[in-house]
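Observations on the model geometry
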Amino acid sequence: MFPASTRRLRGGGLVVAAVGFLLTRYTVLESLRPDASLVVFVLSDMPVLVAGLGLTAFGVGLAMSSRDPEETLVVATWCLLGTAAMGAVVGLTYATVWPVALSTAESRLITNALVGGAVGGTFTGIRSAGTRRHRRDLSRQTNRLTVLNRLLRHEVLNKANVIEGYASIGAEADDEGTSTDRWDTIRRHADAIDDTIDVVGLLTESRESHPVELRPHVETAVDAVRTEHPSAVIDVDDLPDGTVRGTDHLHLLFEHLIENAVVHNDRSTPEVRVTAETDGPTDSVRVRIFDDGPGLPAKQQRVVVDRMTPEHDDPSSGFGLTLVRLVLDDIEADIDVETPVADGRGTELTLEFRDPAASDGRLGVAPAHLKRGAAAGLIAGVAMGLPTQFVTGRMDVIGALYGVDNVPVGWITHQYHSVFFALLFVVATVTWLRDDDWWTTTLLGGGYGVFLWFVAAGVVMPLWLRAVGVPAPVPNLNVPSLATHVLWGVVLGGVYGWLRRRWRRRVRDGGVAA
């Protein structure tokens with residue numbers, strides 16, 4: 001197997017998390033006021049604290065997700081713009097009053113406005129990123145339909161006309177034996193129609209990419225081209241064992257590229273060489289195809305590199321390279337062209353495939369997994385919080401982590417911590433847990449709870465309490481805390497495993513798309 005990819009955090013998500021966390025600091029400090037009213041906190045400060053910490057949790061999930069980095073930057077940009085816009089409104093409001101002496105109500109109003117601007121900007125960014133993604137998907141579908149139209153008009157229709165013309169003549173042989181030539185032509189064009197139908201099926205399919213073995217697909221493609229073009233010399237270096245992210249039709253991609261190198265070679269004996277290598281630093285796989293032909297024309301280079309789909313009325317461009325580009329887009333792979341290679345001749349095509357361990361063809365965790373993890377984290381947080389408050393009576397201690405020793409802040413921050421650590425659990429387990437293995441997920445959740453009890457609650461939490469002026473022993477390990485953390489972990493793992501299994505069953509039954 002090729003080395004598994006390391007997870008990389010999305011910078012845009014971290015920006016959103018930082019904005020949400022920083023904007024909640026005033027609300028926390030406001031709750032420390034001696035004259036602070038619990039009713040005022042519940043009606044005014046608590047919704048802002050929930051929104052700010054919710055924005056922080058969303059930013060953490062966004063940073064760990066498999067979303068395109070450009071999409072996360074769009075969300076972060078809109079989040080900052082929303083915050084800055086509300087800040088500008090506040091600044092203009094007080095521009096004529098300097099120095100500014102803000103009352104408690106005014107300070108609370110400004111904080112609420114900034115948090116609202118950040119949340120509103122984030123929602124706008126999500127819609128903007130979704131619109132861009134939708135536009136990109138529509139463009140891809142348009143390209144597919146354009147190619148499909150060209151195939152049907154210039155391949156199937158032309159071949160059918162040839163067959164009809166020769167068939168009308170019939171099998172009546174003349175003195176020169178032209179009947180045999182005619183029927184050979186009919187068979188050749190009929191085979192071409194069969195091949196085109198296969199390609200049309202490939203274009204109309206919509207399958208998720210998945211790990212596939214590289215070597216069999218390359219060998220299948222090479223054998224097919226050798227059979228079709230016996231005069232060509234196709235050398236294949238030793239291919240590494242392992243998988244790449246692709247589809248069951250990956251061999252057609254290699255077949256089109258190799259055949260294109262043979263067909264457009266002006267030598268009597270075309271030569272093609274295929275090599276493959278792994279790239280450790282980026283955990284990618286590169287397949288290179290060399291030929292000694294006249295070089296790939298600029299128009300065809302635009303098809304594969306610049307993603308320019310030829311017009312439907314330009315059959316001279318061919319279809320092979322366009323199909324290659326569409327398949328590469330589906331599996332999130334890249335292609336690069338270098339020509340000439342040596343002595344003013346030759347073409348080198350380099351295909352770079354993503355690590356098959358990356359969810360959805362990207363680094364990170366699919367958003368659907370993070371949503372299920374967040375939901376499980378909220379449920380597990382309630383399951384842990386109830387005995388923490390009503391049995392041990394220690395929910396206010398969690399609020400003290402932020403300098404506010406009261407139960408409402410304790411519940412809000414407890415739920416935020418629960419979602420945060422649930423997302424970490426998802427990131428650590430999603431790549432190798434089976435969707436139907438509920439028992440393993442539940443047991444791992446319980447073990448994760450024990451780990452957090454020892455590290456987070458036993459060491460990190462008391463050190464943090466000391467930092468905010470609350471005396472606490474280090475380590476702070478006790479049986480009630482262990483019990484509540486195990487309960488949290490078991491509920492987290494059980495609910496998350498149940499949601500994964502339920503989703504997989506819906507996919508299997510055809511209720512949702514995989």
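All figures in this text were calculated on a predicted structure; none of them were measured in a lab.

1. Looking at helix 8 (residues 250–263)
- The first and last C-alpha atoms of helix 8 sit 20 Å apart over 14 residues, in line with the 20 Å expected at 1.5 Å per residue.
- Extensive coverage of helix 8 is indicated by the burial of 11 of its 14 residues.
- All of the buried residues in helix 8 are Leu250, His251, Leu252, Leu253, Phe254, His256, Leu257, Ile258, Asn260, Ala261 and Val262.

2. What to know about the packing of helix 7 (residues 214–228) against helix 8
- Two elements in contact, helix 7 and helix 8, have axes separated by 8 Å at closest approach and are oriented at 40°. As far as their axial angle goes, helix 8 and helix 7 are oblique. In the packing of helix 7 onto helix 8, the handedness of the crossing is right-handed. Contacts between helix 7 and helix 8 involve Leu214, His217, Val218, Thr220, Ala221, Val222, Ala224, Val225 and Glu228 from the first element and Leu250, His251, Phe254, Glu255, Ile258, Glu259 and Val262 from the second.
- Broken down by class, the residue content of the contact of helix 7 with helix 8 amounts to 10 nonpolar, 3 polar and 3 charged.

3. As for the packing of aromatic side chains
- By the definition in use, this model includes 8 aromatic pairs.
- Ring geometry for Tyr416 and Phe420: centres 6.4 Å apart, planes at 35°, overall tilted. Remark: Phe420 and Tyr416 occur in helix 13 (residues 407–429); sequence separation between them is 4 residues, near one turn of the helix.
- Look at Phe420 and you get partly exposed, because its relative accessible area is 26%.

4. Remarks on the nonpolar core
- By size, the foremost hydrophobic cluster in this structure holds 37 residues, and its most contacted members are Leu253, Phe254, Leu257 and Phe353.
- Those elements that provide at least two residues to this core are helix 7, helix 8, strand 4 (271–279), strand 5 (284–291), helix 9 (298–304), helix 10 (320–330), strand 6 (334–338) and strand 7 (347–353).
- A total of 7 residues in this core trace back to one element, the largest contributor, which is helix 8.
- With sequence-adjacent residues up to four places away left out, Leu257 is seen in contact with Ile289, Leu321, Val324, Ile335, Leu349 and Leu351.

5. Concerning helix 11 (residues 367–390)
- Between its terminal C-alpha atoms helix 11 stretches 35 Å, which fits the 34 Å expected from 24 residues at 1.5 Å a residue.
- Among all positions of helix 11, only His369, Leu370, Arg372, Gly373, Ala376, Gly377, Ala380, Gly381, Met384, Gly385 and Thr388 are buried.

6. Quick look at the pattern of salt bridges
- Using the criterion set out here, one finds 7 salt bridges in the structure.
- Across the salt bridge formed by Asp292 and Arg267, the nearest N and O atoms sit 3.3 Å from each other. Taken together, the positions of Asp292 in the loop between strand 5 and helix 9 and Arg267 in the loop between helix 8 and strand 4 put the pair 25 residues apart, joining distant regions of the chain.
- With a relative accessible area of 18%, Asp292 lands in the buried category.
- Residue Arg267 is classed as partly exposed on the basis of its relative accessible area of 40%.
- Put simply, Glu277, Arg288 and Glu348 are held in one network by salt bridges that share partners.

7. A few points about the pairing of strand 7
- Within strand 7, 7 of the 7 residues are buried, leaving the element largely enclosed by the surrounding structure.
- Side chains Thr347, Leu349, Leu351 and Phe353 project from strand 7 onto one buried face, and the interleaved Glu348, Thr350 and Glu352 project onto a second face that is buried too.
- Sheet topology note: the strand 5/strand 7 ladder contains 7 bridges and is antiparallel. Each bridged residue has a counterpart across the sheet, and for Ile289 the counterpart in strand 7 is Leu349.
- Two strands pair when backbone bridges link them, and strand 6 and strand 7 are joined in this way by 5 bridges, in the antiparallel orientation. Across the sheet, the residue bridging to Asp336 is Thr350, located in strand 7.

8. Looking at the environment of Gly120
- The residue Gly120 is located in helix 5 (residues 104–169) in this model.
- Gly120 sits in the partly exposed class, given a relative accessible area of 31%.
- Between the C-alpha atoms of Gly120 and Gly82, which are 38 residues apart in sequence, the distance is 6.4 Å.

9. Points about the packing of helix 1 (residues 11–23) against helix 4 (residues 69–93)
- Remark: helix 1 packs on helix 4, axes separated minimally by 7 Å, with the N-to-C direction vectors making an angle of 30°. Compared by their axis directions, helix 1 and helix 4 come out roughly parallel. At the point where helix 1 passes helix 4, the crossing takes the left-handed sense. Together, Gly12, Gly13, Val15, Val16, Val19 and Leu23 of helix 1 and Thr72, Leu73, Val75, Ala76, Cys79, Leu80 and Thr83 of helix 4 make up the contact between the two elements.
- Of the residues that constitute the contact of helix 1 with helix 4, the class distribution is 9 nonpolar, 4 polar and no charged.

10. Comments concerning the confidence of the model for the protein
- Residues at a pLDDT of 70 or more form 70% of the protein, whose mean pLDDT is 77.
- Strand 2 (residues 233–236) holds the highest mean pLDDT among the elements of the protein, 93, whereas helix 2 (residues 25–30) holds the lowest, 58.
- Segment residues 312–316 is flagged for pLDDT under 50; beyond a separation of four residues in sequence, or across chains, it makes 10 contacts in the model.
- Predicted confidence for residues 510–514 stays below pLDDT 50, and this span has 8 contacts to residues more than four positions away or in other chains.

11. Let's talk about unusual backbone geometry
- Here Thr339 and Pro340 are connected by a cis peptide whose omega angle stands at -5°.
- Structurally, Pro340 is set in the loop between strand 6 and strand 7.
- Of the consecutive residues Val474 and Pro475, the connecting peptide bond is found in the cis state with omega at -5°.

12. A short note on the pairing of strand 3 (residues 243–246)
- Residues Thr243 and Arg245 of strand 3 are buried on one face, and the alternating residues Val244 and Gly246, pointing to the opposite face, are buried as well.
- Judged from the 4 bridges that link them, strand 1 (residues 210–213) and strand 3 form a sheet pairing that is antiparallel. Directly across from His210, in strand 3, lies its bridge partner Gly246.

13. Quick look at a nonpolar patch on the surface
- Among the surface-exposed residues, Phe451, Phe454, Val455, Val459, Val460, Leu463, Val474 and Leu477 lie close enough to one another that they form a single nonpolar patch of about 640 Å² accessible area.
- Its location among the elements puts Phe454 in helix 14 (residues 438–467).
- Looking at Phe454, the relative accessible area reads 47%, which means it is partly exposed.

Quick notes on the rules
Residues numbered from 1 in each chain as written. Predicted model: local features only at pLDDT ≥ 70, side-chain atom pairs only at ≥ 80, totals over all residues. Heavy atoms only, no water. Helix = DSSP H or I, 4+ residues; strand = E, 2+ residues; numbered from the N terminus. Expected span 1.5 Å × (residues − 1). Buried < 20%, exposed > 50% of the residue type's maximum accessible area, 1.4 Å probe, protein only. Axes fitted to C-alpha atoms, helices over the stretch in contact; angles between N-to-C directions. Parallel < 35°, antiparallel > 145°, perpendicular 65-115°, else oblique. Left-handed = near helix turned anticlockwise from the far one by under 90°. Contact = heavy atoms within 4.5 Å. Nonpolar A, V, L, I, M, F, W, Y, C, P; charged D, E, K, R; others polar. Phe/Tyr/Trp six-rings, centres within 6.5 Å; stacked < 30°, edge-to-face > 60°. Core = buried A, V, L, I, M, F, W, Y, C linked by side-chain atoms within 4.5 Å. Salt bridge = Lys/Arg side-chain N within 4 Å of Asp/Glu carboxyl O. Pairing = 2+ DSSP bridges. pLDDT = per-residue confidence, 0-100. Patch = residues over 30% accessible without salt bridge, like charges linked within 9 Å, V, L, I, M, F, W, Y side chains within 5 Å. Areas by Shrake-Rupley, 256 points an atom, 1.4 Å probe, with all protein chains shown as cover.

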